[in-house]
Number of protein chains: 2
Amino acid sequence: MKLFTSTLMCLLPLAAANSLLGFELNLMPMPAKVTPGQGRLIIDPNFRVAVSGQADGRLLATALRLIERISAQTGIPLSHELASDPAQATLIFECNGPGKPVQQFGEDESYQLSVSDKQARITAPNPLGDIRGAATFAQLVDSDQQGFGVPVVEIEDQPRFPWRGLMLDVSRHWIPIDVVKRNLNAMAAVKMNVLHWHLSDDQGFRIESKKFPKLQELGSDGNFYTQDQVREVIEYARERGIRVVPEFDMPGHTSSWLVGYPELASGPGPYEIGRHWGVYDEAMDPAKESTYKLLDAFIGEMAKLFPDEYFHIGGDEVNGKAWNANPNIQKFMQENGLKDNHALQAYFNRRVQAIVQKHGKHMEGWDEILDPDLPKNIVIQSWRGQKSLSDAARLGYSGLLSHGYYLDLMQPASQHYLVDPMDQEAATLTPDEARRIMGGEACMWTEYASPATIDSRTWPRAAAIAERLWSPRDVRDVASMYRRLAVISRNLDWTGVRHRANYQPMLERLSDGDPTTAVKTLADVVEPVRGYKRGSIYESVQSTPLTRLIDAARPESDLAREFSSDVDAVIAHQGKTDEVRRWLTIWRDNNGRLEPAIEQSFLLRDTAPVSRELSQVAAAGLEALDAVEAGRRLPADWLQQQTALLEEAAKPKAGVMLMVVAPVQKLVNAAAGTAQ
Amino acid sequence: MKLFTSTLMCLLPLAAANSLLGFELNLMPMPAKVTPGQGRLIIDPNFRVAVSGQADGRLLATALRLIERISAQTGIPLSHELASDPAQATLIFECNGPGKPVQQFGEDESYQLSVSDKQARITAPNPLGDIRGAATFAQLVDSDQQGFGVPVVEIEDQPRFPWRGLMLDVSRHWIPIDVVKRNLNAMAAVKMNVLHWHLSDDQGFRIESKKFPKLQELGSDGNFYTQDQVREVIEYARERGIRVVPEFDMPGHTSSWLVGYPELASGPGPYEIGRHWGVYDEAMDPAKESTYKLLDAFIGEMAKLFPDEYFHIGGDEVNGKAWNANPNIQKFMQENGLKDNHALQAYFNRRVQAIVQKHGKHMEGWDEILDPDLPKNIVIQSWRGQKSLSDAARLGYSGLLSHGYYLDLMQPASQHYLVDPMDQEAATLTPDEARRIMGGEACMWTEYASPATIDSRTWPRAAAIAERLWSPRDVRDVASMYRRLAVISRNLDWTGVRHRANYQPMLERLSDGDPTTAVKTLADVVEPVRGYKRGSIYESVQSTPLTRLIDAARPESDLAREFSSDVDAVIAHQGKTDEVRRWLTIWRDNNGRLEPAIEQSFLLRDTAPVSRELSQVAAAGLEALDAVEAGRRLPADWLQQQTALLEEAAKPKAGVMLMVVAPVQKLVNAAAGTAQ
């Protein structure tokens, strides 16, 4: 693992240089070292790629993928034939050595990218580094007044943390293989390197077992990946420099297993696939030898299918109720001196760890599996925070941070961005202990995400987490992050991920197609409520369609953020008045346009107060703006009236928050406080 | 073939019934017979499908595809398990007999769809009919104030013509396999049943030959389909009820063949892949026996790969120059009494026809192949019109109409819609002769279409042609077509075709992401110039990026059409004033917003006059609107001035036409003619 200290020294002068030159490249994650130059490498129909050095299938695939990516972005039809003579190539991939047959944790991902106005060259010690360099090159492509090109630059880069993952829950909502693939494309674009595939949970068992076919036959509603598809995804990920770590959550979160194999259960059954959310009481029976026999055979089958050396067994949220209710389990605990359910789970984990290790894997699990009796080669994934992470590190365990990276909580990118695995308790670790923190994983649980919405719930915010885990520790300027994120988000379109593309169809569904501009005007300035509150607003079971305004709305309203900054400028008399007036006018008039659609649409109906309040808030904002512009002070009773209106409008309704209320409140305050 | 006469009688009372009930279902193509009922079949999470009768893989695939389609459209997570008990199903597919192992021309496509408020049933004599019924059912899904559902209805349906094709040119621009597939999805949605795959032309040889590998190795820039991919496409098409007919254009349009196999050529060579558009002089040498030997082996290979009984040999646009310049060919003509190049090509066609027939296929070709010496089992595809089609029919040849269906000419849907294969000269055919007209094909040549734009050049307009070829002859109300087309176009999104989805990324590329609303405002009201004029406006070779406003703009501006109808209402004092004013105001202000982006963008720069003129036209429109509203008459010199402005603005610039000029002219005229 390469720690940030080695690159910190290089970065500081660079940051200064960047700012002196008045530009910052649209890269995310920001590389360890960037030295900008003068001029541009033109990208035109003659763009050709050559590959030299170590022959590797991944490298060829990466070169072809880059050609397609650039062709899509620029619209230039490019030849798919590689240049046989590197001197004729626009971009040369140089690969100085072989990669591991199975991509390994900690495998070197460094590369150098050198761009002159004649040619670009990516040099790396292995194919993995070239793959990372290709992602950087793709992000550098932009247009100026002459055409497409790449700025002249020297980049030396390697990651700060060797484990930069995305956990995808495909159990709560089934996520088809093409959706997984397009998200792998996006991950590769921001240099994430682990797909943590949460394949089983109470609500669905999502993978074919040939040894235990009732797992998928009775536990999946027919929605599962065949083993051939799994191999396809693993290969697809490998070509993009991404490891695939499967998770089979146990002994809790296992209702879907128990439908077909009730003999695994602690209770009497019968069992059904879980249809609601939350923690279930069911759990596997840790007291029966037959449980371990089945798990040995199952884990053996899966260990062969997944080549990665890590294997995730979940282990979270066992409430113990099924164990308490089972006399045999209670007897077993007494006989074995297991004083409580935590001890029983620890026993279970030790048995499972032995099985996982027997099949050649390191066991990984959530915080709850931490137990000093387990060997040190396991990995703790912390959903609880840096404290449990550093506790584990002090005990000698490796760990990953996920606390703070739960994308499904609908928090702003800035909030995730500023969470650092080495902060808080982790800041007090010794260097040896600190080295046990392998990185982190963004988590995308899917109680409230479907194939149509998972992309927009994941992207672009996951890119901010990717930067946290790749870039030097002191790359943490939020304004810079948002500026770059806007560009990266647009460019992610070219990878096929649909975080932006699915917006319009979802808006059209809301209003049955008409008038979508008015729906969009509203949706553009709302955000879903934070956390898991959707379940208390709408019916919330597995079959609930995720098709409301709360689902269409992006987790973060860029427009509201920009508007807020424009309002600040207005109050500081630094311009932007026209822009603020334009938006306020559009919003004021929007409810009149949207109301007929709201009345017609069963999906929009409950957003009526949100739409009405947007128009009221905007009208208040316009009055305030007039006063601010004219230098008139508005009276206290006006202020009081508007503030009451704004306070009401600030309350979430239909599961969404009106994000322009706060900036309008600033404007209203300014109008009431101005006296000239 | 089922002619329209049998269904005409049913349709007329239905049309009356529809209009009495005040609604018309959003179906395209309109079925032969529709009997609306009362009430709705609800689509909710309990939606289940059952399949009964004849077992068939296509039927199962269709059922699963329909579930996915409905799940995508409604956002309802649906079970992918079929109901084993039909009584439990929402929709039952009933299939009363087997289909042909290879889908055949003229195979029965009829079906009945019966929807009650409890259950729906699709009944068909074979799987093909069920596939068509599924497409109808998918189109019926809509939402009302309560939720998603399907109206109660009885439909009896079958096509008017048995051949309803789409020709895709994948040579001029390489069209990757995923683009072909998504267009097959869209074809199936509107019941088109033939993919005519134009696989070779001067500019690229797009399919792997194992016998003659230099065809793809030297003739494709690496952009070709492997035989496995071709089989995949054929199977994909078959599951959707679509036949795949390959075209290998010969003896002209063959430059890409000659790069690897110059011995086929009439000239001395050497040859290169064609990089520009237009008719090339090169042609195969019809005087050499070796030509037929190679073609026999090649056609034999392809005849095995493509199971369809038709095989298209092109045969168009041979200018004869290479033949004139070759003394051996001249000698051969003299010796064989071939008096001119037409006779020589006829000789070539007879030889090729014998080869095609030997390999078990009917030969198909463009108008030029028509020659009374050819056997009657060939098919003439007419790009010239109903006259050559009916000439062929009188001679006993079967034919397809493509004249009038060239989507790449960028004509409005209404224009294609009103072209009928049985009109003009074809109207005078005897019933026996008329029966030889098998249908028609929309054509999508790709000189000016790329993978990113081909969808929007094809859809939704191809759906209007699909209706012409499927629905009863008297279904030809343009207003009804446009109303339904708007819904169908939106719904085609759910099939994965990107005619709408690619609009936004193309606009963002134009302006480098900012401000896309202003770019969209302009793009929404322009149309590309008709015909092939792009080539005279921009550099026009194979590597030219198709990324300008002309490429982003839709072939038809729905907004301009709606605006025009709103202006008519204003002039007739039937309301719509607010709507017209709103648009005129947006357009008037747009240039101010767009100008900075135009200055920055190398792709937008030449649209500056279009943007400026839109604002000027809108300003004129606002003055006129004020006068019309106030009942004031504006003076003659004002009219003259505005008319001069509008005439200038009506001239295409940057390859686009400003489609709101005409309606504004009407408003201006009304303002000058009003006196109260």
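In what follows, the structure referred to is the one given above.
Every value quoted in this text rests on a predicted model; they were computed, and no experiment measured them.

Some words on the overall build of chain A
- Broken down by element type, chain A carries 26 helices and 18 strands.
- Relative to its full complement of 676 residues, chain A shows a buried share of 62%.
- Across chain A, the fraction of contacts at a sequence separation of at least 24, relative to all contacts at a separation of at least 6, is 76%.
- A total of about 23,900 Å² of accessible surface is found on chain A, and carbon and sulfur atoms cover 52% of it.
- Positive and negative charge centroids in chain A, built from 72 and 88 side chains respectively, lie 1 Å apart.

Examining the packing of helix 4 (residues 177-189) of chain B against helix 6 (residues 227-239) of chain B
All names here are of chain B.
- Across the interface, helix 4 lies against helix 6 with an axial gap of 10 Å and an inter-helix angle of 10°. The pairing of helix 4 with helix 6 is recorded here as roughly parallel in orientation. Where helix 4 approaches helix 6, its residues I177, V180, K181, L184 and N185 are matched on the opposing element by Q229, E232, V233, Y236 and A237.
- Tallied by class, the residues present in the contact of helix 4 with helix 6 amount to six nonpolar, two polar and two charged.

With respect to the pairing of strand 7 (residues 148-157) of chain A
Residue and element names in this part refer to chain A.
- Taking burial as the measure, the ten residues of strand 7 include eight buried ones, the bulk of the element.
- Bridge count between strand 1 (residues 33-42) and strand 7: seven bridges; the pairing is antiparallel. Residue I42 lies in a different strand from strand 7, and its bridge partner there is G149.
- Of the strand pairs in this sheet, strand 4 (residues 111-115) and strand 7 are connected by five bridges, and their pairing is antiparallel. Its bridge partner being in strand 7, Q112 is matched across the sheet by E156.
- Of the pairings in the sheet, the one linking strand 6 (residues 142-143) to strand 7 comprises two bridges and is antiparallel in character. Bridging across to strand 7, S143 finds its partner in F148.
- The loop that links strand 6 with its antiparallel partner strand 7 comprises four residues; one of these, G147, has a positive phi angle of about 160°.

Considerations on the relation of the copies chain B and chain A
- With an RMSD of 0.0 Å, the fit of chain B onto chain A corresponds to turning through 180° and sliding 0.0 Å along the axis. In the structure described here, the two chain copies are related by an operation that fits a two-fold rotation axis. Measuring from the rotation axis to each C-alpha of chain B, the shortest distance belongs to A501(B), at 3.2 Å.
- Residue by residue, 100% of the interface of chain B is reproduced at the interface of chain A, so both copies engage with the same surface.

Looking at the environment of R484(B)
Residue and element names in this part refer to chain B.
- Of note, R484 is situated in helix 17 (residues 478-492).
- C-alpha of R484 to C-alpha of P29: the two residues are 455 residues apart in sequence and 9.5 Å apart in space.
- Once residues within four sequence positions are removed from consideration, R484 is found in contact with E24, L25, N26, L27, M28, M30, Y417, E467 and V475.

Focus: helix 4 of chain B
Residue and element names in this part refer to chain B.
- Helix length check: helix 4, at 13 residues, gives a terminal C-alpha distance of 19 Å against a target of 18 Å (1.5 Å per residue), a fit within 8%.
- Buried residues dominate helix 4, accounting for twelve of its 13 residues.
- Every buried residue belonging to helix 4 is among I177, V179, V180, K181, R182, N183, L184, N185, A186, M187, A188 and A189, and all of these are buried.
- For helix 4, the secondary structure elements touched by its buried residues are helix 3 (127-140), strand 8 (163-169), strand 9 (194-201), helix 6, helix 15 (454-458) and helix 17.
- A positive backbone phi angle near 65° is found at K191, which sits one or two residues after helix 4.

What to know about a negative patch on the surface
- Together, D512(A), D514(A), E562(B), D578(B) and E579(B) line one region of the surface with negative charge.
- With respect to the secondary-structure elements, E579(B) resides in helix 23 (residues 577-600).

Re the pattern of salt bridges
- On inspection of all chains with the given rule, the structure shows 92 salt bridges over all chains.
- Two residues, K358(A) and D296(A), come together in a salt bridge whose shortest N-O distance is 2.6 Å. Note that K358(A) is positioned in helix 11 (residues 341-358) and D296(A) in helix 8 (residues 289-305), a separation of 62 residues in sequence.
- Judged by relative accessible area, K358(A) falls into the exposed class, the value being 56%.
- Across the pair R384(B) and E368(B) runs a salt bridge, and its minimum N-O distance is 3.9 Å. Residue R384(B) is found in the loop between strand 14 (379-382) and helix 12 (386-394), and its partner E368(B) is found in the loop between strand 13 (362-366) and strand 14; the two are separated by 16 residues along the sequence.
- Connected through shared salt-bridge partners, E24(A), E467(A), R483(A) and R484(A) make up one network.

Overview of helix 19 (residues 516-523) of chain B
Residues and elements named next belong to chain B.
- When you tally the buried positions in helix 19, you get six out of eight residues, the bulk of the element.
- Every buried residue of helix 19 is accounted for by T516, A518, V519, T521, L522 and A523.
- Against helix 18 (503-510), strand 17 (526-528), helix 21 (549-552), helix 23, helix 24 (608-630) and strand 18 (656-658) lie the buried residues of helix 19.

A word on the environment of L294(A)
Residue and element names in this part refer to chain A.
- Within the secondary structure, L294 sits in helix 8.
- Between the alpha carbons of L294 and L264 there is a distance of 8.2 Å; along the sequence they are 30 residues apart.
- Not counting residues up to four positions away in its chain, the partners in contact with L294 are F212, Y261 and L264.

Section: the interface of chain B and chain A
- Counting from both sides, the interface comprises 45 residues of chain B and, opposite them, 45 residues of chain A.
- For the chain B and chain A pair, buried surface summed over both sides reaches about 3,400 Å², with 47% attributable to carbon and sulfur atoms.
- On the chain B side of the interface with chain A, the three residues burying the most area are Q145(B), R509(B) and F602(B), jointly 17% of the side's total.
- For the pair chain B and chain A, the interface holds two salt bridges.
- When the shortest N-O distance is used, the salt bridge between R500(A) and E508(B) registers 2.6 Å.
- On inspection of chain B and its partner chain A, the count reaches 16 residue pairs in polar contact (both at pLDDT 80 or more).
- For the side of chain B that touches chain A, the secondary-structure elements that each account for two or more residues are helix 2 (57-74), helix 18 and helix 23 of chain B.

Reading the values: rules and limits
Residues numbered from 1 in each chain as written. Chains lettered and ligands numbered in written order. Predicted model: local features only at pLDDT ≥ 70, side-chain atom pairs only at ≥ 80, totals over all residues. Heavy atoms only, no water. Helix = DSSP H or I, 4+ residues; strand = E, 2+ residues; numbered from the N terminus. Buried < 20%, exposed > 50% of the residue type's maximum accessible area, 1.4 Å probe, protein only. Contact = heavy atoms within 4.5 Å. Areas by Shrake-Rupley, 256 points an atom, 1.4 Å probe, with all protein chains shown as cover. Lys, Arg positive; Asp, Glu negative; His and termini not counted. Charge placed at Lys NZ, Arg CZ, Asp CG, Glu CD. Axes fitted to C-alpha atoms, helices over the stretch in contact; angles between N-to-C directions. Parallel < 35°, antiparallel > 145°, perpendicular 65-115°, else oblique. Nonpolar A, V, L, I, M, F, W, Y, C, P; charged D, E, K, R; others polar. Pairing = 2+ DSSP bridges. Least-squares fit on C-alpha atoms with pLDDT ≥ 70 in both. Expected span 1.5 Å × (residues − 1). Patch = residues over 30% accessible without salt bridge, like charges linked within 9 Å, V, L, I, M, F, W, Y side chains within 5 Å. Salt bridge = Lys/Arg side-chain N within 4 Å of Asp/Glu carboxyl O. Buried area = accessible area lost by both parts, 1.4 Å probe. Polar contact = N/O pair within 3.5 Å; in protein donor to acceptor, adjacent residues only side chain to side chain.

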